[in-house]
Each structure stands twice: as structure tokens, then as C-alpha cells.
Amino acid sequence: MSVKALRATFGPNCHWCGLPMDFDEPTGRPESATIEHLVDSTFGGVRSSKHRRLAHAACNHARNQFRQRAERQFEQWIAERKTSGKALPES
Ligand SMILES: [Zn+2]
């Protein structure tokens with residue numbers, strides 16, 4: 001599903017922030033429309049057109065950054081949990 005088709009289906013606003021996106025050339029600017037994959041194949045999901053939406057390049061990038069940070073924090077938490085050899089106490 002192309003940017004044009006997604007725009008026709010979901011409109012010209014960003015999936016995340018709801019603000020209008022820039023569909024003009026050149027693409028790749030922060031306000032440019034990019035295709036957001038709502039299901040990540042790395043988690044066992046199947047990439048499907050119904051899970052695609054349009055989002056600002058900036059919003060798409062920020063989401064990826066936050067997700068990577070969360071993933072690293074989770075890995076750190078797992079490492080600490082393994083080191084402790086038992087479940088962390090309730091806080
Ligand atoms: Zn946005």
C-alpha cells in the first residue's frame with residue numbers, strides 16, 4: 001500500500017500526533033509523510049497492509065527511538081533479574 005493509497009484511506013494527518021503531514025517533494029524531511037508499520041515482524045507479527053498508517057518522519061523516528069530505549073531497559077532489567085537469581089522484590 002503506497003503513501004498515496006494510505007492518504008486516500010486514512011487522510012492527510014499523522015497517525016500519532018494528528019497534525020497535517022507534508023506530502024510534497026523532497027521527502028525525508030521531519031514533517032514528511034512516512035509509512036508506519038504498526039505490527040513489527042520481529043515480534044512474530046505478519047506485515048499486513050491493514051496495519052500500515054501514515055505518520056510524520058519525526059513521529060516515526062521518535063517512536064523507534066523510544067521503543068529501542070525501552071527494549072534496552074528491558075534487556076538490562078532481565079540481566080539484573082538473572083544476576084539476582086530470583087524475582088525482584090515488590091517495590
Ligand atoms: Zn506526527
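Residues numbered from 1 in each chain as written. Predicted model: local features only at pLDDT ≥ 70, side-chain atom pairs only at ≥ 80, totals over all residues.

In terms of helices and strands, the protein carries two helices and two strands. Each helix (α) and strand (β) of the protein, taken in turn from the N terminus, gives the series α-β-β-α. Here the protein holds 91 residues, and 11% of them are scored as buried. A separation threshold of at least 6 residues defines the contact pool for the protein, and within that pool the share at least 24 residues apart is 49%. (Helix = DSSP H or I, 4+ residues; strand = E, 2+ residues; numbered from the N terminus. Buried ≥ 20, exposed ≤ 12 C-beta atoms within 10 Å, placed from the backbone. Contact = placed C-beta atoms within 7 Å.)

To continue, consider the pairing of strand 2 (residues 52-56). Of all the five residues making up strand 2, four are buried; the element is thus mostly covered by neighbouring parts of the structure. Where strand 1 (residues 33-37) lies against strand 2, five bridges are found, and the strand directions are antiparallel. Bridge assignment links Ala33 to a residue of strand 2, and that residue is His56. (Pairing = 2+ DSSP bridges.)

In terms of nonpolar packing, the biggest core is built from six residues, these being Cys14, Met21, Ala33, Leu54, Ala55 and Cys59. In this view, Ala55 contacts Cys14, His15, Trp16, Thr34, Glu36 and Asn60; residues no more than four positions away in its chain are not counted. (Core = buried A, V, L, I, M, F, W, Y, C linked by C-beta atoms within 7 Å.)

In this structure, Phe23 sits in the loop between helix 1 (3-10) and strand 1. Along the primary structure Phe23 and Val3 are separated by 20 residues, whereas in three dimensions their C-alpha atoms are 8.8 Å apart. Those residues within four positions of Phe23 in sequence are excluded, and the remaining contacts are Arg7, Pro12 and Ala33.

Next up on the list: unusual backbone geometry. Cis peptide bonds are those with omega within 30 degrees of zero, and the linkage from Glu25 to Pro26 qualifies with -5°. Inspection of the secondary structure puts Pro26 in the loop between helix 1 and strand 1.

The next point concerns helix 2 (residues 57-84). Because an α-helix packs 3.6 residues into every turn, residues spaced three or four apart end up facing the same way. In a regular helix each residue adds 1.5 Å, so 28 residues correspond to 40 Å; helix 2 covers 41 Å between its end C-alpha atoms and thus fits that length. Little of helix 2 is tucked away, with two of its 28 residues classed as buried. Just beyond helix 2, the residue with positive phi is Gly85, at close to 75°. (Expected span 1.5 Å × (residues − 1).)

Here the focus is the confidence of the model for the protein. Confidence in the prediction of the protein, expressed as mean pLDDT, is 87, and 80% of residues score 70 or more. Per-element averaging of pLDDT across the protein places strand 1 at the bottom with 91 and helix 2 at the top with 95. (pLDDT = per-residue confidence, 0-100.)

Moving on: the environment of Cys17. Position of Cys17 among the secondary structure elements: in the loop between helix 1 and strand 1. Spatially, the C-alpha atom of Cys17 lies 8.5 Å from that of His56, the residues being 39 residues apart in sequence. Leaving out residues up to four positions away in the same chain, Cys17 has contacts with His56 and Cys59.

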